[in-house]
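Chain and residue survey
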Amino acid sequence: MPLPRLLIIACLMVWSLQAQTRPNLVLILADDMGWNNLNCYGSDLHESPHLDRLAREGVRFTNAYAASPVCSPTRASIMTGKSPARLHMTLWREGAASGQPNRPMIGGKAIDSLPTANETLAEVLREAGYYTAHIGKWHLGRPKGYPQAHGFRVNIGGTLWGAPETFFYPYSEERADYFEDWRYVPDLEPGNPGDYLTDRLTDKALEVIENHRNRPFFINLWFYSVHTPVEGKPKLVEKYRDKIRTQSPTIHTNPHLAAMVESVDQNVGRILSRLKALQLEDNTIVLFASDNGGYIGRCKRHPDFPVTDNTPLRSGKGSCYEGGLRIPMIVKGPGLRRGGDCAIPVVTTDLYSTLLGFAGLTKAVQPGPDGVNLLPVLRDPEVDLDRTELFFHYPHYYATTTPVSAIRSGDWKLLYYYQENRPELYHLGRDPAERRDMAEAEPARVSQLLSRMRQWLVESGAQLPTWPDESVSSR
């Protein structure tokens, strides 16, 4: 046999052996699940026994952040390891596509689809021999930017939309009353009346696990829950109505959201059970997180109470206060410490490097990535990260905010509001609720942090909000 052919066969054998020994990766992302929405994070109403157990058996991050206070930018950060500011994906897809008119400032320019020029997590893993499957919400662009264009062999349920018209089959209605456009969730046929979207997406994830258990797989299970429209299963809604009447919780009082949280938890439990039954538990990394803080507005279908409450954190989705950015994040897997909390600030941009690290892949992406590999702190509680700053950039409007950028440096956090030309400064160690603005008392610190934040904005090529004309901007 000629030498080149022998060399090729040898290389293929080495690649096959490496692929077989790499761990499976299951990334489960909830939508709009606030930092305190799980029992293990302090909810006084919601029940989440499976995720609570995952936290007891894995690592629970107490200072985990979404890269953005809204969904699409955070999802892009996970896929690329790049900050939304660098990607120019700082707004949810529909907002980026249509703009935000009739506002005092013009929001920073934002694209509505993740460009294929960005090498994604799925592409790197697929090249390394992983079977890559995306299941659930995508929301990273029009069809040219769908999961198939970014390294996934299969896409089930992922579209340009950020939420379905309804969470019950067929996940659309002839006369849409929640969204202005008609929406659907593909690839879940055949279905039956009463089927619940979170359950059906998990069914598909279980099929992938069953069918590809003899090779490493990467499952990107991104639930649409607990995004509006807030719709829980009727029996669970009644369960929580009864619980609210008898126990009188003070933080969470929405039975519909509580039912959705429990459905997410039940389906995480189904994934964990199947991994155990197939003897894959000891070779699978399971990572659970949310894409931004909890939504504190009201759902049109249940307008009598807010969707959620992020107490003790301030504000919610859309805001760069802690309630809009801080999220639950739990990681369990082989070689990681079992049980215990990690208070080191981390961000969803870190998931790219971390998941590739689990797979033994260190492929660099330029420019960036902006995150770091969390494996050292997941293995050793005494290790610290070689990073002291986190940056956030949301140059747009939302019900909870005007255009803003923020930096967390140690326990200090500075926010700068562009429209008001106003900095705010908080010490999160002493004031996690961000109630005491210390900007006037700490002018030197404000100047230092503002300078560092502006330097980062320039380095990342961030798009800033602008005034409509020069005369206004020069005031």
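All figures in this text were calculated on a predicted structure; none of them were measured in a lab.

Turning our eyes to something else, we now look at the layout of surface pockets. For the largest pocket, the calculated volume is near 760 Å³. Forming the walls of the largest pocket are 25 residues, and the residues nearest its centre are Trp92, Glu94, Phe179, Arg183 and His227. No other element matches the four residues that helix H5 (residues 93-98) contributes to the lining of the largest pocket. Classifying every residue of the lining of the largest pocket gives nine nonpolar, eight polar and eight charged. Reported here for the second largest pocket is a volume of approximately 310 Å³. Around the second largest pocket sit 15 residues that line it, and Asp370, Glu389, Leu390, Phe391 and Trp456 are the ones nearest its centre.

Turning our eyes to something else, we now look at the confidence of the model for the protein chain. Caution is warranted with low-pLDDT regions, since their predicted coordinates should not be read in detail. Averaged over every residue, the pLDDT of the protein chain is 93; the share at 70 or more is 93%. Below a pLDDT of 50 lies the segment residues 6-17, which in the model reaches five contacts outside its immediate sequence neighbourhood of four places, other chains included. Under a pLDDT of 50 for its full length, residues 471-475 has, in the predicted model, three contacts with residues more than four places off or in other chains.

Here the residue pair serine 225 and valine 226 is connected by a cis peptide bond, since its omega of 10° sits within 30 degrees of zero. Here valine 226 lies in the loop between strand S5 (217-222) and helix H8 (234-247). In this structure, the amide linkage connecting threonine 228 to the following residue, proline 229, adopts the cis form with an omega of 0°. As for its position among the elements, proline 229 is in the loop between S5 and H8. Unlike most non-glycine residues, histidine 139 shows phi in positive territory, near 65°.

The next point concerns helix H9 (residues 255-277). For H9, with 23 residues, the first-to-last C-alpha span of 33 Å sits near the 33 Å given by 1.5 Å per residue. For H9, a buried count of 17 out of 23 residues is recorded, marking the element as mostly surrounded by other parts of the structure. The positive-phi residue at the C-terminal boundary of H9 is glutamine 279, with phi of around 60°.

Moving on to the packing of aromatic side chains. This structure, assessed with the given rule, holds 16 aromatic pairs. A centroid spacing of 5.0 Å and a plane angle of 70° characterise the contact between tyrosine 178 and phenylalanine 179, whose relative ring orientation is edge-to-face. Here tyrosine 178 matches phenylalanine 179 in class, with each residue buried. Site record: aromatic cluster; members linked through ring pairs are Trp138, Phe152, Phe218 and Trp222. Geometry around tyrosine 178 places lysine 300 over its ring, the cationic atom sitting 4.8 Å from the centre. The positively charged end of arginine 454 is found above the aromatic ring belonging to tyrosine 416, 5.4 Å away from the centroid.

With their axes 10 Å apart at the nearest point, helix H7 (residues 197-211) and H9 run at an angle of 15° to one another. Compared by their axis directions, H7 and H9 come out roughly parallel. In this structure, H7 crosses over H9, and the sense of that crossing is right-handed. Along its contact with H7, which presents Thr198, Asp199, Thr202, Asp203, Ala205, Leu206, Ile209 and Glu210, the element H9 presents Ser263, Val264, Asn267, Arg270, Ile271, Arg274 and Leu275. Here the contact of H7 with H9 is built from residues that sort into six nonpolar, four polar and five charged.

One key point about sheets: their strands pair by backbone hydrogen bonds, in either a parallel or an antiparallel sense. Judged by pairing direction, the sheet is antiparallel, and its four strands sit side by side in the order S10-S11-S12-S13 without closing on themselves. Each having just a single partner strand, strand S10 (389-394) and strand S13 (422-427) make up the two edges of the open sheet. Averaged over all adjacent pairs, the angle separating strand axes in this sheet is 15°, with direction ignored. Direction of pairing for S10 relative to strand S11 (residues 404-409): antiparallel, over a ladder of six bridges.

Take the nonpolar core next. Soluble globular proteins: nonpolar side chains tend toward being buried together. Counting residues in hydrophobic clusters, the biggest one holds 51 residues, and the most contacted among them are Leu38, Leu221 and Phe288. Elements that contribute at least two residues to this core include exactly strand S1 (24-30), helix H2 (49-57), strand S3 (131-136), H7, S5, H9 and strand S6 (284-290). Broken down by element, this core gets its largest block of residues, eight residues, from H9. Residues contacting leucine 38, with those up to four places away along its chain left out, are Met33, Ser43, Ser48, Leu51, Val261, Phe288, Pro328 and Ile330. The next biggest cluster of nonpolar side chains, apart from the first, holds 49 residues, and it includes Ala128, Leu336, Leu361 and Leu375.

Cut-off values and rules
Residues numbered from 1 in each chain as written. Predicted model: local features only at pLDDT ≥ 70, side-chain atom pairs only at ≥ 80, totals over all residues. Heavy atoms only, no water. 1 Å grid on protein atoms, 1.4 Å probe; cavity = no way out; pocket = protein on both sides within 12 Å on 5 of 7 lines; lining within 4 Å. Points joined across faces, edges and corners; volume = space filled by probe spheres on them. Helix = DSSP H or I, 4+ residues; strand = E, 2+ residues; numbered from the N terminus. Nonpolar A, V, L, I, M, F, W, Y, C, P; charged D, E, K, R; others polar. pLDDT = per-residue confidence, 0-100. Contact = heavy atoms within 4.5 Å. Expected span 1.5 Å × (residues − 1). Buried < 20%, exposed > 50% of the residue type's maximum accessible area, 1.4 Å probe, protein only. Phe/Tyr/Trp six-rings, centres within 6.5 Å; stacked < 30°, edge-to-face > 60°. Lys NZ or Arg CZ within 6 Å of the ring centre and 35° of its normal. Axes fitted to C-alpha atoms, helices over the stretch in contact; angles between N-to-C directions. Parallel < 35°, antiparallel > 145°, perpendicular 65-115°, else oblique. Left-handed = near helix turned anticlockwise from the far one by under 90°. Pairing = 2+ DSSP bridges. Core = buried A, V, L, I, M, F, W, Y, C linked by side-chain atoms within 4.5 Å.

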